[in-house]
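Secondary and tertiary structure notes
These are the residues of each chain, in order.
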Amino acid sequence: MKEKLSKLSRSTAFTVLLFALAACLLLGGTVGSTRAALTYYSETYTSRVQMHDIGVSLLENGSRISWRDYGSRADGTWSENTGVLLGNMLGESEKLQLGHGYTEELAVRNSGTIDQYVRVIIYKYWADGDEKLRDMDPELIDLHLVNTGDEWIVDREASTPERTVLYYHTILRSGETSVPFSDTLSIDKSIERKSETVTAKDGSTTTVYEYDGCEFQVEVEVDAVQIHNAEDAIWSAWGRQVTINGDRLSLN
């Protein structure tokens, strides 16, 4: 996917966003091929604070699969890597088994040299090519969340069945990795039962599966803001009012 260009704004916040997209093609009640793509989007904001050396990475099953790290030069340059999400979930000739939980441990690493607060947004939906299928149930795509409550805070006001918004509970120090926010990925086995029988004019019948030919898609966004004046920075960058007590973040 095409990389979006960075831009300047007058906000006091500095954000980095990783966008990870994985899609599997569902055919006849089984999943055939697995494919994935990864793109980046970032916004660099002017500020009276020196904003060099911020960086954020997405980790999958302990491996750093993608990142964007800003350098110390004033021109806003960065280093980045585009990885593959779910690239090793299935073997070469393996087909995805409905109802089976595949290991998908996702976490965030502060790969910059300044401390930061982080937010994760997870999107789940069904699609037919480029068309999103809004009448299909995203809850049948189970990216199982872990460590929610005290360590990853779910923003229930901003979350929907299709989108889940998470905030890390405290500062993510330079070089540190968060606790995971997911551990497995599975597709609900009930998809096999979502079908109807169609009768032709000659009296023959055919079973048509509701999800036949659809793709399930999972997107993960990772944002980071600096800790300086964090409540205002988070409000400016993410439009969310929070309270910082010591190092801990809570949602208002």
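All figures in this text were calculated on a predicted structure; none of them were measured in a lab. (Residues numbered from 1 in each chain as written. Predicted model: local features only at pLDDT ≥ 70, side-chain atom pairs only at ≥ 80, totals over all residues. Heavy atoms only, no water.)

Helix and strand content of the protein: one helix and 18 strands. Counting the 252 residues in the protein, one finds 46% classified as buried. Considering only contacts in the protein between residues 6 or more positions apart, those separated by 24 or more positions represent 70%. Here the protein has roughly 12800 Å² of accessible surface; of this, 45% comes from carbon and sulfur atoms. (Helix = DSSP H or I, 4+ residues; strand = E, 2+ residues; numbered from the N terminus. Buried < 20%, exposed > 50% of the residue type's maximum accessible area, 1.4 Å probe, protein only. Contact = heavy atoms within 4.5 Å. Areas by Shrake-Rupley, 256 points an atom, 1.4 Å probe, with all protein chains shown as cover.)

Most of strand β12 (residues 163-168) sits inside the fold, with five of its six residues counted as buried. Note: strand β11 (residues 152-154) against β12, three bridges, orientation antiparallel. The partner of W152 across the bridge, within β12, is Y168. (Pairing = 2+ DSSP bridges.)

Moving on, we get to the confidence of the model for the protein. Scored by pLDDT, the protein has a mean of 75; 74% of the residues are at 70 or more. Low confidence marks residues 1-51, where pLDDT is under 50. Its contacts with residues over four positions away, or in another chain, come to 154 contacts. (pLDDT = per-residue confidence, 0-100.)

A few words now on the pattern of salt bridges. Evaluated as defined, the whole model comprises seven salt bridges. The residue R248 makes a salt bridge to D150 at a minimum N-O spacing of 3.0 Å. Of the two residues, R248 sits in strand β18 (residues 248-251) while D150 sits in the loop between β10 (141-145) and β11, which places them 98 residues apart along the sequence. The salt bridge partner of D247 is R173, with a shortest N-O separation of 2.8 Å. Of this pair, D247 sits in the loop between β17 (242-245) and β18 while R173 is found in the loop between β12 and β13 (182-187), placing the two residues 74 residues apart along the sequence. The network of salt bridges with common partners includes D115, R173 and D247. (Salt bridge = Lys/Arg side-chain N within 4 Å of Asp/Glu carboxyl O.)

This next bit is on a negative patch on the surface. A cluster of acidic side chains, namely D137, E139, D142 and D188, defines a negative patch on the protein surface. Its location among the elements puts D188 in the loop between β13 and β14 (195-199). A relative accessible area of 34% places D188 in the partly exposed class. (Patch = residues over 30% accessible without salt bridge, like charges linked within 9 Å, V, L, I, M, F, W, Y side chains within 5 Å. Lys, Arg positive; Asp, Glu negative; His and termini not counted. Charge placed at Lys NZ, Arg CZ, Asp CG, Glu CD.)

This part covers the pairing of β17. Judged from the four bridges that link them, β17 and β18 form a sheet pairing that is antiparallel. Residue pairing in the sheet places V242 in a bridge with L251 of β18. Connecting the antiparallel pair β17 and β18 is a turn made up of two residues, with G246 showing a positive phi of about 70 degrees.

We now examine the packing of aromatic side chains. The way to describe two aromatic rings as a pair is by their centre distance and the angle between their planes. One pass over the full model with this rule turns up four aromatic pairs. Seen from their ring centres, W126 and F216 are 6.2 Å apart, and the 70 degrees between their planes marks the pair as edge-to-face. Highlighted residues: W126 in strand β8 (residues 116-128) and F216 in strand β16 (residues 215-226), separated in sequence by 90 residues. When sorted by exposure, W126 lands in the same class as F216, which is buried. Seen in terms of ring centroids, W152 and F181 are 5.4 Å apart; in terms of plane orientation they differ by 70 degrees. Their pairing is edge-to-face. Note that W152 is positioned in strand β11 and F181 in the loop between β12 and β13, a separation of 29 residues in sequence. For W152, a relative accessible area of 0% puts it in the buried group. Its end group placed over the ring of Y125, K132 keeps NZ or CZ at 4.4 Å from the ring centre. (Phe/Tyr/Trp six-rings, centres within 6.5 Å; stacked < 30°, edge-to-face > 60°. Lys NZ or Arg CZ within 6 Å of the ring centre and 35° of its normal.)

Another point: the nonpolar core. Grouped together as the largest cluster of nonpolar side chains are 37 residues, with contacts concentrated most on V108, V120, W126 and F181. By residue number, the principal contributor to this core is β16, which donates five residues. Of all hydrophobic cores here, the second largest spans 13 residues; its members include Y123, I153, Y167 and A230. (Core = buried A, V, L, I, M, F, W, Y, C linked by side-chain atoms within 4.5 Å.)

In terms of backbone geometry, most residues other than glycine have negative phi values and most peptide bonds are trans. Unusually for a residue other than glycine, N61 sits at a positive phi of about 50 degrees. Here N61 shows up in the loop between β4 (55-60) and β5 (63-70). The residue N147 is not glycine, and still its phi comes out positive at about 60 degrees. Considering the arrangement of structural elements, one finds N147 in the loop between β10 and β11. When its relative accessible area of 31% is taken as the criterion, N147 is described as partly exposed.

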